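# Reading the structure
Read off the chains here:
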Amino acid sequence: MIATIKAEWRKNRFRPAFLISSGLVAAVVVLVFMTNWYQATHPGQSDRPIPLAMLFPDQFVNDVMGAGFPLGAAMAIVLGAIVAGSEYSWGTLKTLFTQGPGRLTTWSGRIVVFTAWMAILSAILFAVGAACSVLIVTVNNHAIVWPAVADIAKGFGAMWLILTVNGMLGIAIAVLVRQSAAAIGIGVVYLLSIEIIAVRFIDGLNNGSYKWIGNLFLGQNATALIGHLSNAKGVTISAEQSLIVLFAWLAAMLVIAAGLQRVRDVT
Amino acid sequence: MENTTIVETHGLTKRYGSGVLAVDSVAMSVRRGEVYGFLGPNGAGKTTTLRMLVGLIRPTSGTATVAGHTPGDPHGLARVGSLIESSAFYPYLSGRANLRVVADLAGVDQKRVNEVLDVVELSSRAHRKFGTYSTGMKQRLGVAAALLKDPDLLILDEPTNGLDPQGMAEMRRLIKDIGQGNRTVLLSSHLLGEVEQICDRVGVISNGKLVRESTVQELIGEEGVLVRAQPLDKAEQMLATLFGNDAISRQDGALHLKVKPEQSSEINRRLVGAGIGVSELRPFERSLEEVFFQLTGERQGS
Ligand SMILES: Nc1ncnc2c1ncn2[C@@H]1O[C@H](COP(=O)(O)OP(=O)(O)OP(=O)(O)O)[C@@H](O)[C@H]1O
Ligand SMILES: [Mg+2]
């Protein structure tokens, strides 16, 4: 297991896809802060005015989580699909699986390193978000006030969980279809559109008596978790449920992907 | 048993999901220390068999023992280095970095990386990205990776595929070197010359069936003498009385005699003495090619 983690880390640390996605999430956070800043200082041009204080350090966790879902999650799906799918297109799965460690051990190493990468991405999101908020508060001559450490930790944990679940969705789809391109397409379209349409449809059925099914979807619970942490109004799913459902998705994706890797022929 | 054979299969069969019966009841045995040639035309089932031996695919039925374990067992794999079909590595990593990844997985010391790079003479290009390698360099890196574990058994699937004549010659020399000592090499190929040059024993597979397994010498058969004479019928009759009907066969207007080449002069004397004109009389050896086409039913020159 240690050996496979080492190998996976060696493989992925300079991987262009990871470096590019790190840069992209950083850019997304900067973009979100800057556009909000512009809207906050030009209130007449927006129908949803944003108070400038929303962008100060004491609020930065909420801002970062807003950028992290769904944009960061989409990035995680893409990364997961690339990580798992490229092993098929390069044929490297056979190289991995003929070295000695069993398939599940090799697979576990990959998952550990991938979840570590999701933590790194979350850290980048938070660091860049904090920097942006400091910039804005300094330019506006206000004192820097940080959120409580516990709130930062909770937000970080939620971000990591949301990125990891979505990344695992990308991985599982890529393993299922044995390639990255189709997996990226399926995963991102699912996250940004199919799920939203499906939930809206299910929630509307029979005066909402199937809403509980709609409440089991991935994006619903990610949104709810973020909502709870940023004290948003109108969140119908409890924080506990959102955590349980997200972990259940994580486990399901893991088991499906691991099972397929374990039993399927590698040709 | 376990000390003399390193690969042993019984009724090994693979039917792919598509319904293709790629390997059909193969019983092969590879002895420790030999270079075994696994010979067969395109699509015969070589790669499929080798994939089963390293546990990449599951047999539909039958069993195999490789290095004392079932295929794919971590303990067995630790003793087996393989290059199946083409070499596959991460294109964005250098040759050396790729070997480091494999070394980590295989649990061998990183020092081995430079050693095997030297063995395949790739050290000077090891810093370049795998994606920029030529076919020959890729294959050599594949062999290097297979050697990392210092394996008891090396399984190479058509390692000279896609190489130019010089690259092929180098690869053969390399395999010969690697196969010295106690190491066993299982080499698949459809190139007869290759197998004839470097293998001790061969298994011939055709349409998924193992049609022959023997030493190269046995496969080629005993030596003989070829006779061209006028009139041929008279010569055939005469030689039949001397050596028996079984020892004579007629091919392409010549007589093939299963006798020792030393008897040539006597044959000549007798034929000439009987007034038969001898136009050609020489020892001959069946080429592996002839045997191969005979066994696999493949047409020559196709
Ligand atoms: N993944 C696969 N799915 C379905 N059929 C396959 C698969 N791989 C190989 N086959 C079929 O199995 C048969 C044997 O193929 P295999 O690759 O084992 O032959 P081979 O002896 O290695 O040939 P070559 O010399 O061309 O490499 C062929 O008919 C081939 O079409
Ligand atoms: Mg083949």
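Fair warning: this is a prediction, and the values are worked out from it, not measured in the lab. (Residues numbered from 1 in each chain as written. Chains lettered and ligands numbered in written order. Predicted model: local features only at pLDDT ≥ 70, side-chain atom pairs only at ≥ 80, totals over all residues. Heavy atoms only, no water.)

## What about the overall build of chain A?
- The helix and strand inventory of chain A stands at ten helices and zero strands.
- For chain A, the N- to C-terminal ordering of α and β elements is α-α-α-α-α-α-α-α-α-α.
- Along the first, second and third principal axes, the C-alpha atoms of chain A reach 60 × 50 × 30 Å.
- Within chain A, the fraction of its 267 residues that count as buried is 49%.
- Contacts in chain A between residues far apart in sequence, at least 24 positions, make up 79% of those at least 6 positions apart.
- With the model as given, the accessible surface of chain A reaches about 12,000 Å², and the carbon-plus-sulfur share is 70%. (Helix = DSSP H or I, 4+ residues; strand = E, 2+ residues; numbered from the N terminus. Buried < 20%, exposed > 50% of the residue type's maximum accessible area, 1.4 Å probe, protein only. Contact = heavy atoms within 4.5 Å. Areas by Shrake-Rupley, 256 points an atom, 1.4 Å probe, with all protein chains shown as cover.)

## Some thoughts on the pattern of salt bridges
All names here are of chain B.
- By the definition in use, this model includes 22 salt bridges over all chains.
- Of the charged contacts, one joins arginine 228 and glutamate 280 as a salt bridge, the two residues approaching to 2.8 Å between their closest N and O atoms. Of this pair, arginine 228 sits in strand 11 (residues 224–230) while glutamate 280 sits in strand 14 (residues 277–284); the two residues are 52 residues apart in sequence, bridging distant segments of the chain.
- Among the residues examined, glutamate 280 registers a relative accessible area of 24% and is labelled partly exposed.
- With its nearest N and O atoms 2.9 Å apart, the salt bridge here joins arginine 250 to glutamate 236. (Salt bridge = Lys/Arg side-chain N within 4 Å of Asp/Glu carboxyl O.)

## Some thoughts on the nonpolar core
- With 70 residues, the main nonpolar core has A:Phe33, A:Met118, A:Leu125, A:Ile162, A:Leu169, A:Ile171 and A:Trp249 as its most contacted residues.
- Elements supplying a minimum of two residues to this core: helix 2 (16–41), helix 3 (60–89), helix 5 (103–139), helix 6 (149–177), helix 7 (181–204), helix 9 (218–229) and helix 10 (239–263) of chain A.
- Examining the composition of this core, we find that 15 residues originate from one element, helix 3 of chain A, more than from any other.
- For A:Met118, the residues in contact, after removing those within four places along its chain, are A:Ala76, A:Leu79, A:Trp160, A:Leu163 and A:Thr164.
- Core analysis: the next-biggest nonpolar cluster, separate from the first, contains 47 residues, B:Val102, B:Leu154, B:Leu187 and B:Ile220 among them. (Core = buried A, V, L, I, M, F, W, Y, C linked by side-chain atoms within 4.5 Å.)

## Notes on the packing of aromatic side chains
- Evaluation of the coordinates by the stated rule reveals ten aromatic pairs over all chains.
- Where A:Trp90 meets B:Tyr90, the ring centres are 5.8 Å apart and the plane angle is 85°; that geometry is what we call edge-to-face. Within this pair, whereas A:Trp90 is found in the loop between helix 3 and helix 4 (92–97), its partner B:Tyr90 is found in the loop between strand 6 (80–83) and helix 3 (95–106), the two belonging to separate chains.
- The exposure class assigned to B:Tyr90 is buried, which follows from its relative accessible area of 3%.
- Their ring planes at 50° and their centres at 5.9 Å tell us that A:Trp90 and B:Tyr92 sit as a pair that is tilted. (Phe/Tyr/Trp six-rings, centres within 6.5 Å; stacked < 30°, edge-to-face > 60°.)

## Thoughts on the site of ligand 1
Residues and elements named next belong to chain B.
- The immediate surroundings of ligand 1 are formed by 15 residues, with Gly43, Lys46, Thr47, Thr48 and Glu158 found nearest.
- In the environment of ligand 1, an oxygen atom lies 3.2 Å from a nitrogen or oxygen atom belonging to the backbone of alanine 44.
- In the environment of ligand 1, an oxygen atom lies 2.6 Å from a nitrogen or oxygen atom belonging to the side chain of threonine 47.
- Calculation on ligand 1 without its partners gives an accessible area of 630 Å², and the protein chains cover 69% of this total.
- No other element matches helix 1 (residues 46–53), which puts four residues into the shell around ligand 1.
- When its residues are assigned to classes, the shell around ligand 1 shows five nonpolar, seven polar and three charged. (Near = heavy atom within 4 Å. Polar contact = N/O pair within 3.5 Å; in protein donor to acceptor, adjacent residues only side chain to side chain. Nonpolar A, V, L, I, M, F, W, Y, C, P; charged D, E, K, R; others polar.)

## What about unusual backbone geometry?
- A cis amide bond, omega 5°, links A:Phe69 with the succeeding residue A:Pro70.
- Tracing the sequence through the fold places A:Pro70 in helix 3.
- Residue B:Gln230 is joined to B:Pro231 through a cis peptide bond whose omega torsion reads -10°.
- Here B:Pro231 shows up in the loop between strand 11 and helix 9 (232–243).
- Within the chain, A:Asn206 stands out as a residue other than glycine whose phi angle is a positive 50°.
- Note on placement: A:Asn206 falls in the loop between helix 7 and helix 8 (211–214).
- The backbone of B:Glu85 sits at a positive phi, close to 55°, despite the residue not being glycine.
- Inspection of the secondary structure puts B:Glu85 in the loop between strand 6 and helix 3.

## Concerning the domain arrangement of chain B
- What the domain assignment reports for chain B is domain 1 (5–79 + 151–219) and domain 2 (222–285).
- Spacing between the C-alpha centres of domain 1 of chain B and domain 2 of chain B amounts to 40 Å. (Domains from an automatic or database assignment.)

## A short note on the confidence of the model for chain B
- Here chain B averages 89 in pLDDT, and 97% of its residues register 70 or above.
- For this predicted complex, the interface score ipTM comes out at 0.89, alongside a pTM of 0.86. (pLDDT = per-residue confidence, 0-100.)

## Focus on the sheet that holds strand 10 (residues 209–215) of chain B
Residues and elements named next belong to chain B.
- Taken together, six strands build an open sheet; the order of strands is 6-7-8-4-9-10 and the sheet is mixed. Every interior strand has two partners, whereas the edge strands, strand 6 and strand 10, have only one. Within this sheet the neighbouring strands show an average axis-to-axis angle of 15°, counted without direction.
- Two elements, strand 9 (residues 201–206) and strand 10, share six bridges in a ladder whose sense is antiparallel. Across the sheet, serine 206 pairs through a bridge with lysine 209, a residue of strand 10. (Pairing = 2+ DSSP bridges. Axes fitted to C-alpha atoms, helices over the stretch in contact; angles between N-to-C directions.)

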